[in-house]
Amino acid sequence: MASLTIRKLDDAVKTYLRLRSAKNHRSVEEEVRVILRELIEGREEPLTPFSAPPTPSATATPQRIGALPEASVTLIIGGGIAAYKSLDLIRRLKERRIEVRCVLTKAAQQFVTPLAVSALSHERVYTDLFDPQSEFDAGHIRLARECDLIVVAPATADLMAKMANGHADDLASAILLATNRKILLAPAMNPLMWNNAATRRNVTQLQRDGVVLIGPNSGEMAEAGEAGVGRMSEAIEIATAAERLLRPPMPKPLAGKRVLITAGPTHEPIDPVRYIANRSSGKQGFAIAAAAQAAGAEVILVSGPVDLGDPAGVTVKHVESARQMLEQVQAALPADIAIFAAAVADWRVANEGEQKLKKTAGSMPPLQLVENPDILATISRLADKRPPLVIGFAAETEHLIDNAKTKLARKGCDWIVANDVSPATGVMGGDRNTVHLISRKDGEIAVDSWPVMTKEQVAIELVAHIAKSATGKSLEPAS
Ligand code: C5P
């Protein structure tokens with residue numbers, strides 16, 4: 001039977017599902033199953049029980065490119081006084097764009113309520129192995145597998161003993177036995193329990209089984225006058241450990257390299273209120289900036305007007321026109337690598353009106369166009385400050401490869417990333433791109449055609465090629 005990963009759905013569909021499931025007091029997965037059942041039984045509800053999620057507008061928060069990938073955790077809260085810290089842990093995980101589904105053991109419910117946990121996680125809370133609502137299709141298996149990581153906090157001595165011995169007599173232990181995901185335990189118990197020979201044996205066994213432990217820390221216990229090793233790690237420490245398991249630190253093959261990138265369209269003024277523009281969204285250039293930054297480069301992004309948030313850790317210079325873009329590019333040199341992803345307007349208006357042009361009956365304003373500076377060609381032909389690797393883009397609607405090869409020679413750059421921007425491809429403004437990397441190899445022109453990818457994937461692939469060429473290093477985490 002096929003399984004569906006909710007977080008891979010479109011944002012609008014996810015928002016719809018979240019709203020609908022919250023309204024019906026179901027988990028998102030349950031809601032999907034209900035929708036499917038209704039469809040199959042022919043009792044389909046109209047697909048608009050609420051107003052549709054707002055479409056992005058000029059006033060909407062700009063979309064951030066290069067943000068963290070989504071991840072999800074099943075958080076098992078065990079029965080200990082430290083359970084109160086797990087409420088903070090839910091918040092800390094969510095701050096890191098990690099979705100959290102919580103399971104409470106029977107004992108945990110003595111310390112925190114399912115209501116509080118559900119309010120913080122914005123999800124239904126699971127407590128019972130024999131819950132007919134979630135177990136009609138083996139809910140414990142889904143909780144065990146439909147996540148990227150299982151975190152147990154607090155991990156009590158009893159829960160660890162059950163895990164070490166493969167028990168499965170309640171929901172938490174059944175999930176832990178049924179999972180094929182990594183498990184992170186945050187033990188919390190009295191120091192005597194932690195040091196007890198049985199717990200020592202269980203910890204050793206669990207570590208042998210590949211379970212990762214964070215803590216326990218030493219300090220004062222909840223029991224008056226007792227201190228020692230057994231305090232659960234702080235929520236922030238557990239969230240950081242979880243994040244490291246979910247998103248292992250990337251190697252930094254571009255560390256020490258300075259990467260200059262242009263992105264977005266340019267606006268060429270006609271008069272103070274009108275301008276010539278194009279449909280470039282800037283998404284591809286911004287994604288490259290984020291990927292280069294993640295690979296350790298110092299990144300300077302010169303961007304035309306776009307509706308995107310600045311990528312974290314990147315120096316962004318915002319410009320309007322081609323001439324301003326060239327100025328900022330020149331000011332940013334020297335650079336080791338320059339990537340010209342901007343859709344620079346080829347022409348600008350020669351005599352930009354100082355006042356708004358008036359509409360006069362029967363006559364058209366005399367718009368004289370002049371050529372803009374070619375930033376890519378200018379930088380490619382610099383005598384001294386030419387970056388060792390200069391990459392241009394060729395957005396074409398026909399004869400893609402031939403035009404791109406001609407452009408490589410005409411502009412004097414080292415590589416061209418060619419993409420088909422015919423309206424039918426949806427590339428302009430869209431999230432996907434099909435590109436061909438055209439480069440010079442031993443005097444020959446090589447064409448490397450990539451499959452259709454998201455713009456983020458194209459960016460990561462391009463940065464991997466750059467890292468290989470500029471440093472011989474790979475982007476792959478060392479295994
Ligand atoms: O000539 P065309 O616009 O097709 O060339 C595309 C490539 O040249 C892109 O890399 C673009 O960023 C760059 N370009 C430029 N300055 C211009 C025109 C294009 O840097 N005035």
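Everything discussed here concerns the structure shown above.
Thresholds applied
Residues numbered from 1 in each chain as written. Predicted model: local features only at pLDDT ≥ 70, side-chain atom pairs only at ≥ 80, totals over all residues. Helix = DSSP H or I, 4+ residues; strand = E, 2+ residues; numbered from the N terminus. Buried ≥ 20, exposed ≤ 12 C-beta atoms within 10 Å, placed from the backbone. Contact = placed C-beta atoms within 7 Å. Pairing = 2+ DSSP bridges. Axes fitted to C-alpha atoms, helices over the stretch in contact; angles between N-to-C directions. Parallel < 35°, antiparallel > 145°, perpendicular 65-115°, else oblique. Left-handed = near helix turned anticlockwise from the far one by under 90°. Nonpolar A, V, L, I, M, F, W, Y, C, P; charged D, E, K, R; others polar. Near = placed C-beta within 6 Å. Right-handed = clockwise from strand over helix to strand, strands pointing away.

### Brief notes about the overall build of the protein chain
Check the secondary structure of the protein chain and you find 16 helices and 23 strands. The buried share of the protein chain, reckoned over its 479 residues, is 39%. Expressed as a percentage of contacts within the protein chain between residues at least 6 apart in sequence, the contacts between residues at least 24 apart total 69%.

### Some details on the sheet that holds strand E19 (residues 415-420)
The eight strands are arranged E14-E12-E9-E15-E18-E19-E21-E22 in an open sheet whose pairing can be described as mixed. At either end of the open sheet lies a strand with only one pairing partner, and these are strand E14 (315-318) and strand E22 (444-449). Here the strands of the sheet are splayed against their neighbours by 15° on average, with no regard to which way each runs. In this structure, strand E9 (residues 258-263) lies alongside strand E12 (residues 298-303), joined through six bridges in parallel fashion. Bridging from a neighbouring strand, Leu260 pairs with Ile300 of E12. Sheet strands touched by helix H12 (residues 283-294): E9, E12 and strand E15 (337-340). Its angle to E9, the strand with the most contacts, is close to 165°. Along the sheet, helix H15 (residues 400-411) contacts strand E18 (389-396), E19, strand E21 (435-441) and E22; its crossing angle with E18, the most-contacted strand, is approximately 145°.

### Let's talk about the packing of helix H7 (residues 157-165) against helix H10 (residues 197-208)
Helix-helix packing is characterised by the crossing angle of the two axes and by the distance between the axes. For the pair H7 and H10, the least separation of the axes is 9 Å and the interaxial angle reads 50°. Classified by the angle between their axes, H7 and H10 sit oblique to one another. With respect to the hand of their crossing, H7 and H10 are arranged in left-handed fashion. For the pair H7 and H10, the contacting residues are Ala157, Met160, Ala161, Met163 and Ala164 in the first and Ala198, Thr199, Asn202, Val203, Gln205 and Leu206 in the second. Taken together, the residues of the contact of H7 with H10 sort by class into eight nonpolar, three polar and no charged.

### As for the site of the ligand
Around the ligand lies a shell of 13 residues, among which Phe340, Val344, Ile375, Leu376 and Gly392 are the nearest. Of all the elements in the fold, those that place two or more residues in the shell around the ligand are helix H14 (375-380) and E18. Counting residues per element, the shell around the ligand draws most heavily on E18, at three residues. Classifying every residue of the shell around the ligand by side-chain character gives eight nonpolar, three polar and two charged.

### With respect to the pairing of strand E3 (residues 98-104)
The buried count for E3 comes to six of seven residues, which makes it a mostly enclosed element. The pairing of strand E2 (residues 71-77) with E3 spans seven bridges and is classified as parallel. Paired with Ala71 across the two strands is Ile98, which belongs to E3. Regarding the hand of the β-α-β motif, the stretch spanning E2, helix H3 (residues 83-95) and E3 is right-handed.

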